[in-house]
Amino acid sequence: MKRTIIILAAALSLILFSGCNKIDYSLPDDPTVFTERSYSYNNKTGGELAGFEYNGRDYVFFGTIKGGILSNEVGKCIGYIYDENNPEDKNNRVMKLTATDDFLMCYYISGIMDPAVFYRAADTRDKDIEIPEYINDNGYRYWGGEN
């Protein structure tokens with residue numbers, strides 16, 4: 001009986017989690033090609049963060065994934081980040097989020113250990129906005145943190 005319960009619990013977990021991780025990372029027919037640039041935040045130390053422009057808004061690196069993200073929290077893929085050292089590489093995908101337009105998610109689809117990272121709209125700097133629970137604020141000075 002105990003063995004049956006364990007097997008059922010494991011099977012149920014597999015079914016539940018298999019449906020949660022079906023994020024579509026495929027590129028659209030006409031993907032946006034993002035070119036990163038530096039955003040300075042401390043002239044004395046030369047502090048900079050990477051970012052890019054999308055739909056008239058600048059997005060600056062903000063943090064990493066905290067725990068996990070469900071497939072229904074990730075919107076469509078809008079393009080990829082261009083890598084000047086490897087121009088053929090289109091694997092660093094940029095995704096919209098369903099909860100907010102103030103963040104974009106980037107995920108390197110060919111990386112085994114690469115976590116998803118998030119870029120925040122620069123026009124939200126010095127504003128109190130809601131940060132989705134799956135985003136870890138890395139505490140950069142650009143965003144008012146200590147790093």
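Preceding this paragraph is the structure being described.
Anyway, here's the lowdown on the structure attached to this text. (Residues numbered from 1 in each chain as written. Predicted model: local features only at pLDDT ≥ 70, side-chain atom pairs only at ≥ 80, totals over all residues. Heavy atoms only, no water.)

Focus: the environment of Asp-58
- Mapped onto the elements of the fold, Asp-58 is located in strand β4 (residues 57-65).
- Exposure remark for Asp-58: the relative accessible area of 27% places this residue in the partly exposed category.
- Each C-alpha atom of the pair Asp-58 and Ala-122 lies 5.4 Å from the other, and the pair is 64 residues apart in sequence.
- Once residues within four sequence positions are removed from consideration, Asp-58 is found in contact with Arg-37, Tyr-39, Phe-52, Glu-53, Arg-120, Ala-121 and Ala-122.
- Among the polar contacts made by the side chain of Asp-58, one reaches the side chain of Tyr-39 at a distance of 3.1 Å. (Helix = DSSP H or I, 4+ residues; strand = E, 2+ residues; numbered from the N terminus. Buried < 20%, exposed > 50% of the residue type's maximum accessible area, 1.4 Å probe, protein only. Contact = heavy atoms within 4.5 Å. Polar contact = N/O pair within 3.5 Å; in protein donor to acceptor, adjacent residues only side chain to side chain.)

Examining the environment of Phe-61
- Among the secondary structure elements, Phe-61 is positioned in strand β4.
- Residue class for Phe-61 comes out buried when judged on its relative accessible area of 14%.
- In sequence terms Phe-61 and Arg-120 are 59 residues apart; their C-alpha atoms lie 6.3 Å from each other.

Brief notes about the pattern of salt bridges
- Scanning the model with the defined rule gives 2 salt bridges in all.
- One salt bridge connects Asp-102 with Arg-57, and the closest N-O pair in it is separated by 2.8 Å. Of this pair, Asp-102 sits in the loop between β6 (92-97) and β7 (103-108) while Arg-57 sits in strand β4, and the two are 45 residues apart along the sequence.
- Asp-123 is the partner of Arg-57 in a salt bridge, and the nearest nitrogen-oxygen pair spans 2.7 Å. Of this pair, Arg-57 sits in strand β4 while Asp-123 sits in the loop between β8 (117-121) and β9 (135-137), and the two are 66 residues apart along the sequence. (Salt bridge = Lys/Arg side-chain N within 4 Å of Asp/Glu carboxyl O.)

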